[in-house]
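# Notes for the structure review
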Number of protein chains: 8
Amino acid sequence: MQKNDIISLLEGYKNGELTQEEVLNKLVYLPYKDLQFAKLDYHRGIRVGYPEVIYCEGKELEHLKKIVEDMLKLDKNILATRVSKEAYRAICEVTDNLIYSEVARICVINPKDIKKEGLVAVVTGGTADIKVAEEAAITLETFGNNVDRIYDVGVAGIHRLFNNLERIRKANVVVAVAGMEGALASVVAGLVDVPVIAVPTSVGYGANFNGLSALLTMLNSCAAGVSVVNIDNGFGAGYIASLINKRVAEGVE
Amino acid sequence: MQKNDIISLLEGYKNGELTQEEVLNKLVYLPYKDLQFAKLDYHRGIRVGYPEVIYCEGKELEHLKKIVEDMLKLDKNILATRVSKEAYRAICEVTDNLIYSEVARICVINPKDIKKEGLVAVVTGGTADIKVAEEAAITLETFGNNVDRIYDVGVAGIHRLFNNLERIRKANVVVAVAGMEGALASVVAGLVDVPVIAVPTSVGYGANFNGLSALLTMLNSCAAGVSVVNIDNGFGAGYIASLINKRVAEGVE
Amino acid sequence: MQKNDIISLLEGYKNGELTQEEVLNKLVYLPYKDLQFAKLDYHRGIRVGYPEVIYCEGKELEHLKKIVEDMLKLDKNILATRVSKEAYRAICEVTDNLIYSEVARICVINPKDIKKEGLVAVVTGGTADIKVAEEAAITLETFGNNVDRIYDVGVAGIHRLFNNLERIRKANVVVAVAGMEGALASVVAGLVDVPVIAVPTSVGYGANFNGLSALLTMLNSCAAGVSVVNIDNGFGAGYIASLINKRVAEGVE
Amino acid sequence: MQKNDIISLLEGYKNGELTQEEVLNKLVYLPYKDLQFAKLDYHRGIRVGYPEVIYCEGKELEHLKKIVEDMLKLDKNILATRVSKEAYRAICEVTDNLIYSEVARICVINPKDIKKEGLVAVVTGGTADIKVAEEAAITLETFGNNVDRIYDVGVAGIHRLFNNLERIRKANVVVAVAGMEGALASVVAGLVDVPVIAVPTSVGYGANFNGLSALLTMLNSCAAGVSVVNIDNGFGAGYIASLINKRVAEGVE
Amino acid sequence: MQKNDIISLLEGYKNGELTQEEVLNKLVYLPYKDLQFAKLDYHRGIRVGYPEVIYCEGKELEHLKKIVEDMLKLDKNILATRVSKEAYRAICEVTDNLIYSEVARICVINPKDIKKEGLVAVVTGGTADIKVAEEAAITLETFGNNVDRIYDVGVAGIHRLFNNLERIRKANVVVAVAGMEGALASVVAGLVDVPVIAVPTSVGYGANFNGLSALLTMLNSCAAGVSVVNIDNGFGAGYIASLINKRVAEGVE
Amino acid sequence: MQKNDIISLLEGYKNGELTQEEVLNKLVYLPYKDLQFAKLDYHRGIRVGYPEVIYCEGKELEHLKKIVEDMLKLDKNILATRVSKEAYRAICEVTDNLIYSEVARICVINPKDIKKEGLVAVVTGGTADIKVAEEAAITLETFGNNVDRIYDVGVAGIHRLFNNLERIRKANVVVAVAGMEGALASVVAGLVDVPVIAVPTSVGYGANFNGLSALLTMLNSCAAGVSVVNIDNGFGAGYIASLINKRVAEGVE
Amino acid sequence: MQKNDIISLLEGYKNGELTQEEVLNKLVYLPYKDLQFAKLDYHRGIRVGYPEVIYCEGKELEHLKKIVEDMLKLDKNILATRVSKEAYRAICEVTDNLIYSEVARICVINPKDIKKEGLVAVVTGGTADIKVAEEAAITLETFGNNVDRIYDVGVAGIHRLFNNLERIRKANVVVAVAGMEGALASVVAGLVDVPVIAVPTSVGYGANFNGLSALLTMLNSCAAGVSVVNIDNGFGAGYIASLINKRVAEGVE
Amino acid sequence: MQKNDIISLLEGYKNGELTQEEVLNKLVYLPYKDLQFAKLDYHRGIRVGYPEVIYCEGKELEHLKKIVEDMLKLDKNILATRVSKEAYRAICEVTDNLIYSEVARICVINPKDIKKEGLVAVVTGGTADIKVAEEAAITLETFGNNVDRIYDVGVAGIHRLFNNLERIRKANVVVAVAGMEGALASVVAGLVDVPVIAVPTSVGYGANFNGLSALLTMLNSCAAGVSVVNIDNGFGAGYIASLINKRVAEGVE
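A quick note: this is a predicted structure, and the numbers were derived from the prediction, not measured.

Within chain A, the regular secondary structure consists of 11 helices and nine strands. A total of about 9,100 Å² of accessible surface is found on chain A, and carbon and sulfur atoms cover 49% of it.

Structure (structure tokens):
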């Protein structure tokens, strides 16, 4: 489309329909529009069928329904995150072709068959971290990654982690989800040679300060190989883990 | 001494030298004085030869020298903590009967032979935590506890910790010293059945916030059996570990 | 069980059913499994009847009921903490053999007669701290410790504390629970020669910052002999106090 | 002076030298000038010989010397606070009629005989708090208050405090100076019926966070009767304590 | 009562009913009991009819009713603070002889005629600070102080403050209540020569951090003569202001 | 009015009805009253029809209704901010001549035709920031400024911002509203030569800490030309932007 | 220059020297380059002689000298900020055509005569804030603004501020610089109808937390019309004040 | 080695030299030792020549020299980080076969030729961030990654970033290093489809709080695809970027 705009300009100029002045004026501000086009060209999503994403929290229901309606026209699969039950019911009024995970608060709308590549391990310290882990895991699957869920293997009973080290080592990336003192990420990074994306959760109480404790633990990991996303940000962890895993699975671009 | 004061009062009253009014007036305010006496009577230190303790940081050198001189009259061993090199030289002007640990910044003045009881394990995450650990260890030894030093066994290479679990299990208390993300205390408490006194250290940088990161980690330990002292407070950890270990070693009072 | 696995391997190898290669492969990854076994062997709980523990906060009710059902098969007593009324009602659907403390939010399920040893004093600054103190006290009793409750003896009326010093001195450990400015732990540690496990509570308002004030006070205690658990963590304080008290009561292992 | 200005305006208007317009214009902006005058009239300092005060920290030495020179023309006594040794030497170049307290970092310049009234007790938790306490005490004396210094009576050895309660009870105000956990202020306020001005100090380390710990403790005092000034602000505590004590000593205005 | 206990001991010893040993043993632990007695003797409240105080927040209703019932036996007036509507209704079940201020969340139970002395000015920055100011004002009145309420005179329209300076100058103490940026306390202290007890309130939003902003402003007041109580602590401000005002009004003890 | 008071004083003095003493006494305290008058004279609002403003949050409904009733007597337009639905219904009981924006929580009561001047661009990072942006935009319009709304142009899709740079460059001031990481303000200030008033919003979660993240980002902008108002403070941003825009539009005073 | 590049492309295409493909490829990535050009075109600095700016803090001296050398080739005046004495000496090795303000730590290199427009008032609370105020004032002057310096008019002696209100009212913008409690900005904004750019300074101690106290005060100003820059950021305040003042002085663009 | 130990045990048991009991006892504690062996087997470093790493900060010089001496025996290349000049001189006493980067504070000791794979882009916002970026870049090179350095492309002049987007898009990972407001990471992630490892730096002042500002910005990135390491942690960023890049370059394991 935009490419065509430039071609039209060029041709209009060549055949005398447009003056140099007119062409120049349009080209000077074109960059900003082209930026989008350029970016899209490089965006793997376009080529391989990445879903559209809607962050639902704070959106009014009428607004949300309208966005979903618009997106459905693209005939793509859509990943909606932070979907409350109310938001889920609102989306249902627009379409019934959707899968809802209440625990992960995620909706996959207009779900398509996606070829899954590579492997990402999603591990949690406790059972209360699972809701954040599932946000990561479903994000990963919807973006086309194989996921191995390894839950409740925190350091309070560290043998549970050891029993699963082989599974973790097979992954291209680990998403390590933990609250309370958040030591899981350090311990995993000390044991495997795989990049670890750490997700602190707000699970805990008192001097946990809504996840600050786990966040600081993970940022200060004495074992190298850990980087961290925001507290409870399962989607963010899934997204960057997908970028990494697919790049490995597909080889160098 | 004070006991004698009360006896004098009682006898003076009995033999008519003091009126009831006079005795009453003295006794009403006696409590505050008696408190000291009462407390000392119950203080195990008096009976078993606990050392005197001087916290040197912030004390002027002339002041410090005078305190040491006074204490030497008691013919007891003295534990001086947070002793800078300048403070050490100042103390040397008063006496040369002392042992100085530069790394732990501790002086044992007028050292006595102390019978050591029980066992406390002092473990550290890294080598940079050793100066805090030594403050704990020397405090423990000076107070009459056997100490097993197990250094540099942090979670970045967790097998080092596992190689030493048997030694740790033999102790009555563990003092776990760690900076950075401070996961050591949780991991140890998840593996052994011994009370863990955790000491966060200010080792690290950035979002470590001078030890806040390790402090929060330890307070939020997902494994039970951990309690925490102030950042870099090796003496405090040693002191409470000594209270526990000696109570175990000596049996119920 | 696991011991038997190893024995089978050894015998299978000896009598030629297994090759050296096969045995070796299994043994290399055995460690992680053995860890559990080894740990259990050293876990006093196995031998002396420690209860199972469930932390209920954040668990879904269906999940919780299933966990309780499973545990009941072991015929052991179970300690459930942070039990809301809803959680309590859910557990009641599984069994009616339980005792519920609403104030401590604790359930003792399938309660057994437990021999109580030693003595732990649980003291609070005010009446609003009692709910945290009860979590500690009931945890202690369920783990087999004698408990002396001494409530509402905070420094606003310090004579109340003094009237109770003799009771406190008889304990092997003190659990000191206080909110607001949290001075209780320092004052107690300055008066008795017993290890103090301090529990800051979120009681108070304003610059109390949900317990941060009391937490910092306790960490900075000018009196030695204090270590600290997380804000409102009555269970954690009870658990480590139990480790200490029973070790004293039972003598050196 | 300013009063005279208004009188001139009024008379000028009455005898026709000034138009109503001219007088009105001047009066409209007079308020801002009158404010100073009004305030001074009510300022007890003017009548009873309060000293001038210079806060030296951050002032350049040449600037400081010039301020002192100017003030000396008033023939009043001058209180200079936060005086470093360098600042002291600079002031000495201007005048040698001064008294310097190195520990309190205070200079009384051109000292006058001051009638001292009432009584303020200045108490500290430890010896390291004395430098802040002396700033308060010398401020109080220079402003004309009797001071009773009661140092090193912190809660680590609470009997020391009790031995001095009678002295504290005789004061009209208590200035309570303490670092570390800062429990002194609460304990004093729980024992005496005298207003307590609490001064947190930055004495301590680790989770003391440069005095934040003591500040929060004092703000959250469970005993009523405590109010708090800034960390290490001995001058501020002395100033408000002087306002209170002198008002008591002089009776209702 | 307790005085009599000591007299009995002395007489019992004199007439041979008690041995010296027996008397000595009792006297050694007497202090703690005497402390209460001693303290009460010095407590002005006992002599002049200070009310009993109940802090209701966090107390269970049944508990609260029982406390009120007990206190009513003393035939004294009672000040209950932080009284929710539920708590108010609970107290009404015990007695209907009470006055409730919903805005201040204060109950005066069994109200007595109190002679009011001196003068305390209570000023607020805005109308939203009034609920905290009323807690201070009613506390002051119930403790026998005259109160001048000067509300909504914050620095956003500073002329309102100036119009009221003369009223403020007549007081022995000012209680300055302000939220948002909390500049009121500094400005008042810069204009009057009266001690200022500053109360930060949680009024505001965003970087106000529930009152932290106003708290820090007040602690850092560039005008001397300000000390600070906890955020929203109207009772605490009223209590210390009462201590000061009554001491001025009654003259030196 | 007040001008007249002074004139009366002057004339009364001139014609002998008032003594110099009487006039002087009144004038000395006049300043505080005059301040208001002086200020109003300079207040552009008086001359050009600025609305009255009511901040509704925390005001009781009865109180609010009374304030609105009083203000209506002035026959001016009134801007009510932070208007909940309940507050809106309360205002409706007083008058039905009003416009309510639910999203901005703003009421314009007794709306007047206002001449709009200059141009202010209001930009947001996301759609969830719109409610704060609308508070700014409606404030600006009610104060007589033209507003260009440019919403949802945050840095996650920076081409959207570039497509709108020309519109932004036409404004005299930019109000940049953003939550999460708040990078919008820096990026805008790096691209345009217009003063930027940045409004951090509390949109986001986790380590966003209710807007602290965006606040710090904006304060630390590496691009010059940014200043910041409180978190979510759309009104404050609109107010200062109006001061700037109108001053530009009207030329130097 | 760049314009010419596009013209060349167009002409090359028209006359057949370049294929459509070749032109298209170059135009797609042109935007990024054009951005600079577009921006410069709109940058008032280019037209009216704004200085180049170097932020010196953290730059190595050799690096700094090289940057200055390069800039000197442009024959423009250069504003260097955060210039330590060492940095000043380094710059002197490159050129001696410069003016250095030690107090503001600013160098104006290759100074040019600048036409000054409009008026900005720079006010400070105390004398210790002057170094930050001078950074703002010299920045303003170097960018071509008239500056009125009004220093040491903080709220501790508020009459000093009132004596200067008329001067402040004449300005198009106020830069209000204050440390400690930072109330100056609120008070000024409550008294004048001019936009206030507030600069918190790190002046103070204790709970000032290096300027955090003043920062929060200013962000929470109860008077509207205040926006805030970073702590000690005199340059940033001068820069945005210049944008505003010049826009007013030059009229709408 | 350890494998052989197990084989010996097995054979000893088979041929009757060891009893089942003896073998069992050894195997039970083997796990901890085997862990190391197992881990090493899976550690790519062993096979492909990763360097040994020494973190020098806080290590005593004598200690450091000894560690280097020991490591040199392995004939591997060694990466020493946080190397002060003093530490560098100490290492020089042990060997002169080393390369020192003063700006990155990194030493490559006993440097080997390393095959470099893939591509990592290291970008910085300003020049002051380069020292952290170089720590990342040299770490990456020493671990065998190709590095493209793109410095000083922060959002204050965003066209500089756009000019370099094509280079950034060619990388498998981006390390984005920025201080002040740290917006670089969000902007990059919004423009490219490559995982971004963000490194906040402590560059800046005031409300930057030593890097906290940039850290929070990066954690709250509104663009997905960003994860974060500790403040100033160039090594950590390089390490995880290497894990990712090499995995892509080498393909799935």
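Attention shifts here to the environment of Cys-222 of chain B. Here Cys-222 of chain B shows up in the loop between α10 (212-219) and β9 (226-228). The partly exposed category is assigned to Cys-222 of chain B, whose relative accessible area is 28%. Sequence separation of Cys-222 of chain B and Leu-9 of chain B is 213 residues, and the distance between their C-alpha atoms is 58 Å. With residues near it in sequence (within four places) discarded, Cys-222 of chain B still touches Val-155, Ala-156, Met-180 and Glu-181 of chain A together with Ser-186 of chain B.

Right, let's get into the packing of helix α6 (residues 130-142) of chain A against helix α11 (residues 234-250) of chain A. All names here are of chain A. Packing of α6 against α11 brings their axes to within 7 Å, and their N-to-C directions diverge by 35°. Once α6 is placed against α11, the crossing between them reads as right-handed. Seen from α6, the contacting residues are Val-132, Glu-135, Ala-136, Thr-139 and Leu-140; seen from α11, they are Gly-234, Phe-235, Gly-238, Tyr-239, Ala-241 and Ser-242. Its residues placed into classes, the contact of α6 with α11 shows six nonpolar, four polar and one charged.

Screw-axis analysis of chain A against chain H gives a translation of 0.1 Å along the axis, an RMSD of 0.3 Å, and a rotation angle of 179°. One copy is carried onto the other by what is essentially a two-fold rotation axis. Using C-alpha coordinates, one finds that chain A approaches the rotation axis most closely at Val-248 of chain A, a distance of 2.0 Å.

Looking now at the relation of the copies chain D and chain B. Two copies of the chain are present, and they differ by a rotation about an axis and a shift along that axis. With an RMSD of 0.2 Å, the fit of chain D onto chain B corresponds to turning through 90° and sliding 0.1 Å along the axis. The superposition of one copy onto the other is thereby described by a four-fold rotation axis. For chain D, the minimum C-alpha distance to the rotation axis belongs to Phe-209 of chain D and amounts to 7.2 Å.

Residue and element names in this part refer to chain E. Relative to the helices and strands, Asp-148 is located in strand β6 (residues 145-150). Within the local environment of Asp-148, its side chain forms a polar contact with the side chain of Arg-167, the two groups lying 2.7 Å apart. In this structure, Asp-148 is in contact with Leu-119, Val-120, Ala-121, Val-122 and Arg-167, ignoring residues within four places of it in sequence.

This next bit is on the pattern of salt bridges. All names here are of chain A. Taken as a whole, this structure holds 110 salt bridges over all chains when the rule is applied. In this structure, Glu-135 engages Arg-82 in a salt bridge whose closest nitrogen and oxygen atoms are separated by 3.2 Å. Highlighted residues: Glu-135 in helix α6 and Arg-82 in the loop between β2 (78-81) and α5 (85-94), separated in sequence by 53 residues. Taken individually, Glu-135 and Arg-82 each receive the classification buried, so the pair is uniform in this respect. Where salt bridges share partners, they join Glu-62, Lys-65 and Glu-93 into one cluster.

Right, let's talk about the side chain of Asp-232 of chain E for a bit. One can find Asp-232 of chain E in the loop between β9 (226-228) and α11 (234-250). Dropping the residues within four chain positions of it, Asp-232 of chain E is found in contact with Tyr-205 of chain C together with Arg-82, Val-132, Glu-135, Val-199, Pro-200, Thr-201 and Ser-202 of chain E.

All names here are of chain A. Each assigned domain of chain A is listed with its residue range as follows: domain 1 (14-109) and domain 2 (117-249). Residue-level contacts link 14 residues of domain 1 with 15 residues of domain 2. Between domain 1 and domain 2 the total buried area reaches about 1,300 Å² when both faces are included, carbon and sulfur atoms providing 65% of it. Viewed at the interface, domain 2 and domain 1 are joined by one salt bridge. For the pair domain 1 and domain 2, the number of links is two residue pairs in polar contact (both at pLDDT 80 or more). For the side of domain 1 that touches domain 2, the secondary-structure elements that each account for two or more residues are β2 and β4 (106-109).

All names here are of chain F. Strand order in this open sheet of four strands is β1-β2-β4-β3, and the pairing throughout is mixed. Since the sheet does not close on itself, it has two edges, and those belong to β1 (52-55) and β3 (98-101), each with one partner. The average angle at which neighbouring strand axes cross in this sheet is 15°, direction not considered. Pairing of β1 with strand β2 (residues 78-81), which is carried by four bridges, proceeds in the parallel orientation. Directly across from Ile-54, in β2, lies its bridge partner Ala-80. Across the sheet, helix α5 (residues 85-94) touches β2, β3 and β4 (106-109), and the angle it forms with β3 is around 175°.

Definitions and limits used
- Residues numbered from 1 in each chain as written.
- Chains lettered and ligands numbered in written order.
- Predicted model: local features only at pLDDT ≥ 70, side-chain atom pairs only at ≥ 80, totals over all residues.
- Heavy atoms only, no water.
- Helix = DSSP H or I, 4+ residues; strand = E, 2+ residues; numbered from the N terminus.
- Areas by Shrake-Rupley, 256 points an atom, 1.4 Å probe, with all protein chains shown as cover.
- Buried < 20%, exposed > 50% of the residue type's maximum accessible area, 1.4 Å probe, protein only.
- Contact = heavy atoms within 4.5 Å.
- Axes fitted to C-alpha atoms, helices over the stretch in contact; angles between N-to-C directions.
- Left-handed = near helix turned anticlockwise from the far one by under 90°.
- Nonpolar A, V, L, I, M, F, W, Y, C, P; charged D, E, K, R; others polar.
- Least-squares fit on C-alpha atoms with pLDDT ≥ 70 in both.
- Polar contact = N/O pair within 3.5 Å; in protein donor to acceptor, adjacent residues only side chain to side chain.
- Salt bridge = Lys/Arg side-chain N within 4 Å of Asp/Glu carboxyl O.
- Domains from an automatic or database assignment.
- Buried area = accessible area lost by both parts, 1.4 Å probe.
- Pairing = 2+ DSSP bridges.

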